[in-house]
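# Summary of structural features
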Amino acid sequence: MATIVVIPGSSVTGTVPIKVIPAGLSSSVGIILTTDSAGNTIAYQSAQKAFTSTAAVQNVAVPVTVPAAGGLFYVWVNVMLSGISIGAFAQGNTLMAQDVEVGEVIWS
Amino acid sequence: MKGKNVAKAAGIVAGLGGLALILLSRKAGAAPPPEPPPEGMAKLYGRVTDSSTGQGIAGVRVTTTGAITETDSSGDYATIDIPPGSWGVRFEKDGYETKELTVSIEEGNNELNMQLVSTAAPPGVANFMVSIINLPSEANMWGCAFQDPTTGEYYQPTNRPIMGSHLFGASESAELSSPVSSGILSISAFSQASAMEVTQIVNYQINMSVTNNGSYVFDFSTGKIV
């Protein structure tokens, strides 16, 4: 499972490859971040990004704001077709939101 | 002591998760005190009201010390004469959450008003179930949503966890809850090769009115509710 390192509170884009058949369906995907692998605790949920299906793989870019609290987040993709929720599916990567600031060393 | 007492509730034991609202003071529209019990005895009385409407509820069974009394058309009740002490009291009526508590009753009249929470859905809310027959052979899953035609809002089945697939197998039923009883049922059959590769085999949009606690069967071979 790949871990992507991001800055807490930053704006990033998650690109979702999805194939919906047939073409012409009103569809949307969103990204959910959870703090546990089972998806019990949602830390962030993006707006659904709408698209019209083409019956081929489409890369849908979803704006995501990384939780300012930082930490390790599990990634889920929420899929809807024709108003029907297909499900929120676990992805194979995680987000590690971390930021380190090192100050000047104080000597004594 | 012959004056009016206020029963002291010691605890709420039963119920379906709602909070019992116990009114421990007399107010306008409260139950009139009954005839005082004989010296050395006690009596419990009060009014039972609907928590949302504030109206008295008739026919609530009030059980204490094994004796049952029922509220009248105003929601008022008065128990038989009972010895002072700590007693369990139970309020129950179909369509309401049962409330059970222990009260400390003193000699004389003791007032205990009670609000019961209705178990019926609020007005305008429809909880209903959809199942299907004749799922197309090329499909392995189905899903549905109920759309409010005024707002365009879709209401999804409630009997699936937030995470994971929200689709159903042929023998499964979807439970929905909608704030409107007339709307558009969007129902589709799907073939899902993987989480991110979905084929919609067929989709139907059905204008329909539903009743609370209604159950509906959709036939994919005809595109109609059976």
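Residues numbered from 1 in each chain as written. Chains lettered and ligands numbered in written order. Predicted model: local features only at pLDDT ≥ 70, side-chain atom pairs only at ≥ 80, totals over all residues.

### What to know about the overall build of chain A
We count it as follows: Under the scheme used here, helices are H or I runs from DSSP no shorter than 4 residues and strands are E runs no shorter than 2 residues, and both carry numbers assigned from the N terminus. With C-beta atoms placed from the backbone, the exposure class of a residue follows from how many other C-beta atoms lie within 10 Å of its own: 20 or more, buried; 12 or fewer, exposed; in between, partly exposed. By the convention adopted here, residues make contact when the C-beta atoms placed from their backbones lie within 7 Å.
Scanning chain A for helices and strands turns up zero helices and eight strands. By the burial criterion, 29% of the 108 residues in chain A qualify as buried. Pairs at least 24 residues apart make up 67% of the contacts formed inside chain A by residues separated by at least 6 positions.

### Topic: the pairing of strand E3 (residues 26-34) of chain A
Put simply, side chains in a regular strand alternate between the two faces of the sheet. Residue and element names in this part refer to chain A. Counted only if it meets this: Only when DSSP finds a minimum of two bridges between them are two strands counted as paired.
When you tally the buried positions in E3, you get seven out of nine residues, the bulk of the element. Alignment of E3 against strand E4 (residues 42-45), held across three bridges, turns out to be antiparallel. Bridge pairing in E4 links Leu 33 to Tyr 44.

### Section: the environment of A:Gln98
Residues and elements named next belong to chain A. Here Gln 98 lies in the segment after strand E8 (84-97). Between the C-alpha atoms of Gln 98 and Ile 7, which are 91 residues apart in sequence, the distance is 5.6 Å. Ignoring anything within four residues of it in the chain, the contact list for Gln 98 reads Val 5 and Gly 70.

### Here we look at the interface of chain B and chain A
Often the size quoted for an interface is simply the accessible area lost on bringing the parts together. Note the cut-off: Each residue gets one label: Ala, Val, Leu, Ile, Met, Phe, Trp, Tyr, Cys and Pro are nonpolar, Asp, Glu, Lys and Arg are charged, and the others, such as Gly, are polar.
With 21 residues of chain B at the interface, the matching set in chain A holds 19 residues. For the side of chain B that touches chain A, the secondary-structure elements that each account for two or more residues are strand E13 (141-147), strand E15 (164-165), strand E17 (182-194) and strand E18 (197-209) of chain B. By residue number, the principal contributor to the side of chain B that touches chain A is E18(B), which donates five residues. A class-by-class count of the residues in the side of chain B that touches chain A yields nine nonpolar, eleven polar and one charged. Across three bridges, strand E2 (residues 11-21) of chain A lies against E18(B) in parallel orientation. If you follow A:Lys19 over to E18(B), its bridge partner there is B:Glu197.

### Some words on the sheet that holds strand E19 (residues 214-219) of chain B
Strand pairing in a sheet is mediated by backbone hydrogen bonds. Such pairs are either parallel or antiparallel. Read from one edge to the other, the open sheet built from four strands follows the order E16-E12-E19-E20 (chain B), with strand pairing classed as mixed. Two strands lie at the open edges of the sheet, namely strand E16 (174-178) and strand E20 (224-225) of chain B, each paired on one side alone.

### A word on the sheet that holds E13(B)
Overall, mixed pairing links the six strands, which are arranged E6(A)-E2(A)-E18(B)-E17(B)-E13(B)-E14(B) in an open sheet. Pairing within the sheet leaves two strands with one partner each, and these edge strands are strand E6 (57-65) of chain A together with strand E14 (154-155) of chain B.

### Focus on unusual backbone geometry
Note the cis peptide between A:Ile21 and A:Pro22, where omega equals 5 degrees. Among the secondary structure elements, A:Pro22 is positioned in the loop between E2 and E3. Positive phi values are uncommon outside glycine, yet B:Asn134 reaches one of about 60 degrees. Of note, B:Asn134 is situated in the loop between strand E12 (126-133) and E13. Residue B:Asn134 is classed as partly exposed on the basis of its 13 C-beta neighbours within 10 Å. Although it is not a glycine, B:Asn213 sits at a positive phi angle of roughly 65 degrees. Structurally, B:Asn213 is set in the loop between E18 and E19. For B:Asn213, a count of 11 C-beta atoms within 10 Å puts it in the exposed group.

### Some points on the confidence of the model for chain A
Under the convention used in this document: Note: pLDDT gives the predictor's confidence per residue, expressed from 0 to 100.
Summary statistics for chain A give a mean pLDDT of 92 and a share of 99% for residues scoring 70 or more. Within chain A, the lowest mean pLDDT, 88, falls on strand E1 (residues 2-6) of chain A, and the highest, 96, falls on strand E5 (residues 49-52) of chain A.

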